[in-house]
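Residue strings, one per chain:
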Amino acid sequence: MLQTVKLEVRPKEIIEAVKGMKRKERDEFLEDLLAATSPAYLKSIKEARADYKAKKVKNHEEVFGK
């Protein structure tokens, strides 16, 4: 049996928790949060992966030179 628990968390508490994370954990959390809340972000990732697979990308040197 599944139950729902409602928990109120204030933005300030979330911010403090994120500030307390190690950099790698924070980066992963923020990426997950963005993915969970932004269909456009997920779409852009899919498009970028498709471009990479189709070799439609350029490296830094090709774009900016040496």
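The structure contained in this document is the topic of the report that follows. (Residues numbered from 1 in each chain as written. Predicted model: local features only at pLDDT ≥ 70, side-chain atom pairs only at ≥ 80, totals over all residues. Heavy atoms only, no water.)

Regarding the pattern of salt bridges
Keep this limit in mind: Any Lys or Arg side-chain nitrogen found within 4 Å of a carboxyl oxygen on Asp or Glu counts as a salt bridge. Put simply, DSSP marks the helices as runs of H or I at least four residues long and the strands as runs of E at least two long, and each gets a number from the N terminus on. Throughout, exposure labels follow a simple rule: accessible area from a 1.4 Å probe, protein chains only, divided by the maximum for the residue type, with under 20% read as buried, over 50% as exposed, and the rest as partly exposed.
A full pass over the atoms with the stated rule returns 3 salt bridges. Notably, a salt bridge pairs R23 with D27, separated by 3.8 Å at the nearest N-O pair. Within this pair, R23 and its partner D27 are both found in helix 2 (residues 23–37), separated by 4 residues, close to a single helical turn. Judged by relative accessible area, which is 38%, D27 ranks as partly exposed. Residue K43 is joined to E47 by a salt bridge in which the shortest nitrogen-to-oxygen separation is 3.8 Å. Here K43 pairs with E47, and both are found in helix 3 (residues 39–53), just 4 residues apart, close to one helical turn. The class of K43 is exposed, set by a relative accessible area of 52%.

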